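A structural walkthrough
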Amino acid sequence: MKPASWFDRRGWSDLIIGLPYAWAIVFIFLPICIVSALSFAVPILNSPPYEFLKTWPYLSFDNFQRLFSDSIYIRAFAVSLFNASIATVLCLLIGYPMALGLTRVPKAVNRVLLMMIVLPFWTSFLLRVYAWIGLMGNNSWFNHLLTGLYNVVVPQAWHIANIQIMYTNFAVIFVVVYSYLPFMILPLYANLEKLDRTLDEAAMDLGSRPVQVFLDVTLPLSMPGIIAGGLLVFIPAAGELVIPSLVGNQSDPMVGAIISQEFGLNHDWPMASAISVALLVILVMPLMAYTRFQSRAEAGGTR
Amino acid sequence: MDRDPLSATPSDRFISVRTVTKQFGQFTAVDRVSLDIGKGELFALLGSSGCGKTTLLRMLAGFEEPTSGQIFIDGEDMAGIAPYHRPVNMMFQSYALFPHMTVEKNIGYGLKHERMTKSERDDRVAAMLDLVQLKAFARRHPHQLSGGQRQRVALARALAKQPKLLLLDEPLGALDKKLREQTQFEIANIQYETGITFVVVTHDQEEAMTLASRIAIMDSGSIRQLDTPKNVYEFPSSRFVASFIGSVNLFDAELVRQDDQFAHIAVPEIGVTLQALRRGQLHGKTRLTCAFRPEKVHMSRQPPASAVNTMQGVVQDFGYFGKDSLYRVKMPAGSLIRVNATNDLRAGDDDIVATWEDEVYLAIDPAAIMLFEDEA
């Protein structure tokens, strides 16, 4: 059917649906294509600092070969995935009780608490990381307090002057957990809040104690929230650049720092692209698993 | 069967609620309620929303603790006993089926806490599926079932543990009219077969009347009348109950005199003196409420044979419902009397009982007039 006029309903809906697609193509799909293509180029000292091979097969696999053979890259990936995994698990362990608590408090309290979770976003992210630097430093009162507590607990022989927190992997995980906790809590809360509380009562009525009710009813029904929150923390945490460069161990960099180094310091765009592509593949895999989980859940009836 | 399902007074006090009060802050949801329910009885708590019936049900289930008073189930004091330790199961209004479990798993959920072998458990689930005729749907998830099927899963799940007491919160509330009728007989049959004591909470009087052997009518936290469906309808104890159950014509009346058989009352709003069969003693109050149900008024276009309780009026309007019609007849004194007439003849245009502006005679049997000493 031909549109009757320029403001025809059908035409508008196509336009409105088309806009996000256009956005995704121009700003997500195309850049990924460019980066993917670059990862098969070779670096040169020119502008732009890369070129493709002049002869068959035109594409160079050197970058990926280096990626899999040089232990620096492999270690960076390992550290990134390790840090992101630990941070995600910690966010879940801290965020789940908080999200659950948010659904169990009176409405007025709930609003205040939600506000407090979102409030940190009103301050600059960098400022908050710098604040943690101030707290974690060897001469800070916070560090003195932790050291003091430690010294009280352990025998005299183990006493120390201060705890080295800054420039360790621990500091990275700690600040990542702090920064990304809201991204775990909010999707979890949205999920838990929708759950029908009479299901808990039904389970209790059928003989389950509260812990059993949680394991049988609340936990399985909150799986979509756990996965959504987990991805929102894991994916950016794995590619995190700012936090490890400010509080992390510089001799044991994460992938983000490596990409930044290759791109900026070394002017090796193709290598930076190859690492990015590898990271993308690693991060997209859990996303695809999630999509499959969801479609299976819908077919099986979690909804 | 040694029990009479319609017995008005339970021989045993299987469930005993003793002066139970429940307060939420300043609000008294249940106010000094006492009642006994016999073993194997199908008991209904009937009332409009906010009357305290659901709170009472939740106290029986253990989700709420009484502020004062006691609840005994099979002789055991339920004070401080958690829902998961009570021999009570509940069918929730929303059914509360676990969406992530199959029908089978839902029904078997409560059994995992019982000391049973797996085969015993499977047998019980199979028996429950049989009982509610859902064998073919065992592997489905709740969202793949119709409303009526979900309702039956909820019933089967609540029955699976063979509780001493089954609570049903508005069991038919979410079903459409056709399904309700079928389901209420099913529930009554299942209750009879299993012999489990049922307590039904409902705001629907029809549901309460057809299901229950006895009904407690609740209003603002207390029980206004507790009796069989028939007695509640025919012999309501108060003006409130009379107007709550079914439809009724209510008029202020004045006691003129009493003799052995009848009370003679003047009803100014109708402009006549009526005689009502006396049931029990009137306590000398002269201001009364006189009530009679629309279907107990006989309407004719010819003067009736007996002159007792006969009135004349004009049909103001009427509603035709098929099996019967509701007429509103205007009395000379100005008030309207509602009359229900069965359309027992297949009517052509001219032999309908009456139509607009027709002069009609109304007659009420003295036994059909109810008198209450409480006023509006």
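What you see is a predicted model, and the numbers here were worked out from it, not measured in a lab. (Residues numbered from 1 in each chain as written. Chains lettered and ligands numbered in written order. Predicted model: local features only at pLDDT ≥ 70, side-chain atom pairs only at ≥ 80, totals over all residues. Heavy atoms only, no water.)

**Topic: the interface of chain B and chain A**
Counting residues at the interface gives 26 residues for chain B and 24 residues for chain A. Between chain B and chain A the total buried area reaches about 2,100 Å² when both faces are included, carbon and sulfur atoms providing 58% of it. The three residues of chain B that bury the most area against chain A are B:Tyr84, B:His100 and B:Tyr109, which together make up 28% of that side's buried surface. Between chain B and chain A we count 2 salt bridges in total. For B:Arg58, the salt bridge identified is with A:Glu201, shortest N-O distance 2.7 Å. The tally of links between chain B and chain A comes to 10 residue pairs in polar contact (both at pLDDT 80 or more). At 3 residues, strand β6 (residues 88-91) of chain B tops the list of elements feeding residues into the side of chain B that touches chain A. Residue composition of the side of chain B that touches chain A, by class: 13 nonpolar, 9 polar and 4 charged. (Contact = heavy atoms within 4.5 Å. Buried area = accessible area lost by both parts, 1.4 Å probe. Salt bridge = Lys/Arg side-chain N within 4 Å of Asp/Glu carboxyl O. Polar contact = N/O pair within 3.5 Å; in protein donor to acceptor, adjacent residues only side chain to side chain. Helix = DSSP H or I, 4+ residues; strand = E, 2+ residues; numbered from the N terminus. Nonpolar A, V, L, I, M, F, W, Y, C, P; charged D, E, K, R; others polar.)

**Quick notes on the side chain of B:Gln191**
Inspection of the secondary structure assignment puts B:Gln191 in helix α5 (residues 177-194). Once residues lying within four places of it in the same chain are set aside, the contact partners of B:Gln191 are B:Gly40, B:Glu41, B:Leu42, B:Ile196 and B:Phe198.

**Description of the confidence of the model for chain A**
Of all residues in chain A, 94% have pLDDT values of 70 or greater, and the mean over the chain is 89. Looking across chain A, the model is least confident in strand β2 (residues 50-51) of chain A, with a mean pLDDT of 80, and most confident in helix α9 (residues 210-221) of chain A, with 96. (pLDDT = per-residue confidence, 0-100.)

**Let's talk about the sheet that holds strand β4 (residues 68-73) of chain B**
Through backbone hydrogen bonds, the strands of a sheet pair up, either in parallel or in antiparallel fashion. Residue and element names in this part refer to chain B. Strands sit in the order β2-β1-β4-β5 across an open sheet of 4 strands; the sheet is antiparallel. Two strands in the sheet have a free side with no partner beyond their single neighbour: β2 (27-37) and β5 (76-77). Pairing geometry for β4 and β5, over 2 bridges, is antiparallel. Note that in β5 the partner of Phe-72 across the bridge is Asp-77. Against the sheet, helix α1 (residues 53-61) touches β1 (15-24), β2 and β4, its axis set at about 115° to β1. (Pairing = 2+ DSSP bridges. Axes fitted to C-alpha atoms, helices over the stretch in contact; angles between N-to-C directions.)

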